[in-house]
Structures are given as structure tokens and as C-alpha cells.
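Structure at a glance
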Amino acid sequence: MGTEDGAVRLSEAELGGPLGARATLVQFSTAFCQPCRATRRVLSEVAGMVDGVEHVEVDAEERLELVRRLEVRRTPTVLVLDGAGRVVRRAAGQPRTVDVIAALGHAM
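Everything numeric here is computed off the predicted structure, so don't read it as measured data.

Rules behind the numbers
- Residues numbered from 1 in each chain as written.
- Predicted model: local features only at pLDDT ≥ 70, side-chain atom pairs only at ≥ 80, totals over all residues.
- Heavy atoms only, no water.
- Helix = DSSP H or I, 4+ residues; strand = E, 2+ residues; numbered from the N terminus.
- Expected span 1.5 Å × (residues − 1).
- Contact = heavy atoms within 4.5 Å.
- Disulfide = S-S within 2.5 Å.
- Buried < 20%, exposed > 50% of the residue type's maximum accessible area, 1.4 Å probe, protein only.
- Pairing = 2+ DSSP bridges.
- Axes fitted to C-alpha atoms, helices over the stretch in contact; angles between N-to-C directions.
- Parallel < 35°, antiparallel > 145°, perpendicular 65-115°, else oblique.
- Left-handed = near helix turned anticlockwise from the far one by under 90°.
- Core = buried A, V, L, I, M, F, W, Y, C linked by side-chain atoms within 4.5 Å.

Another point: helix α2 (residues 34-49). The end-to-end C-alpha distance of α2, which contains 16 residues, comes to 24 Å, matching closely the 22 Å that a straight helix rising 1.5 Å per residue would cover. Looking at the packing, one finds that the buried side of α2 touches β1 (23-29), β2 (53-59), β3 (77-82) and α4 (97-107).

Next up, the structure:
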């Protein structure tokens, strides 16, 4: 779903998990993706350190319609959503903890 300013906005129903009050880290993964495991650890750790931040992992193979709509080309792909569910940052590949924290700064 789009917003008036052209930003993509995602709901809990679309993601299959809760949105954080301040931000949400959305991870698109596949079963055999090795970097996805490390990404899961990084995002879970950051979500645990910052109040109001949730980590939601989406199985890209099970959610092909959402993958196509968001133009996810590889896994892991990470979206950072603000408290209203708007996508404010996006990255493909395994993120570093410091980069995830910096991206959260744009969402909160």
C-alpha cells in the first residue's frame, strides 16, 4: 500500500507479525540462505536493545506476492519501517549492527 508522499506502507497483516511502536526491522529470507541466519541474529539483537523496535522475518518463498510488490531481488533484504509502517530504509545483503542502528535513526 502506498501513502500520499509515495512511500510504501506495510501492515501487521501483510507482514504476518507485529509492528514496533517506534520502528520495525523486516527481513526477507529463504530457507537455505546462509547470510539470512547471521542477519536474523543481528536484527534480533538490535530489536532487543532498542525499546519499541520489533523484528519480523518474512519467508520470501511463501510470500511471493509481497516479494514481487516490494521488488525484493535477493535474500536477505531488510526494510526499516517507521512507527506507522512506512518503509524509510532498505538494504540487500547481510547488514552490520552499526548500519542497522544508524538506519533506525531515520525511522524514529
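Past the structure itself, the notes keep going.
All right, on to unusual backbone geometry then. Going from T75 to P76, the amide bond is cis rather than trans, its omega being -5 degrees. Looking at where P76 falls in the secondary structure, it is placed in the loop between α3 (64-69) and β3. Positive phi is not limited to glycine here, since E71 has a value of about 55 degrees. Positionally, E71 belongs in the loop between α3 and β3.

Another point: the state of the cysteines. Within the structure shown, the criterion is met by one disulfide. Two residues, C33 and C36, share a disulfide whose sulfurs are 2.2 Å apart. Across the disulfide from C33 to C36, rotation about the S-S bond amounts to roughly 85 degrees, and the bridge is consequently right-handed. Each member of the pair, C33 as well as C36, carries the same accessibility label: buried.

This next bit is on the sheet that holds β2. Reading across the sheet, the four strands line up as β2-β1-β3-β4 and stay open at both edges, with mixed pairing between neighbours. Two strands in the sheet have a free side with no partner beyond their single neighbour: β2 and β4 (87-92). Mean inter-strand twist for the sheet, computed between neighbouring axes without regard to direction, equals 15 degrees. Sheet topology note: the β1/β2 ladder contains seven bridges and is parallel. Directly across from A23, in β2, lies its bridge partner V53. Across the face of the sheet, α2 comes into contact with β1, β2 and β3 while running at roughly 170 degrees to β1. Each of β1, β2, β3 and β4 touches α4; the most contacted strand, β3, lies at about 35 degrees to it.

This part covers the packing of α2 against α4. Packed helices, taken two at a time, are described by the angle between their axes plus the distance between the axes. In the contact formed by α2 and α4, the axes pass within 10 Å of each other and the chain directions differ by 50 degrees. As judged from the angle between their axes, α2 and α4 are oblique. With respect to the hand of their crossing, α2 and α4 are arranged in right-handed fashion. Counting all contacts with α2, which are made through V42, L43, E45, V46 and M49, the residues of α4 involved are T97, V100, I101 and L104.

Quick look at the nonpolar core now. Of all hydrophobic cores here, the largest spans 14 residues; its most connected members are L25, V46, V53, V80, V100 and L104. Elements with a minimum of two residues in this core: β1, α2, β3 and α4. When neighbours within four sequence positions are excluded, L104 is seen to be in contact with A23, L25, V46, V50, V53 and V80. Membership of the second largest hydrophobic core comes to 13 residues, among which are L10, V58, V67 and V72.

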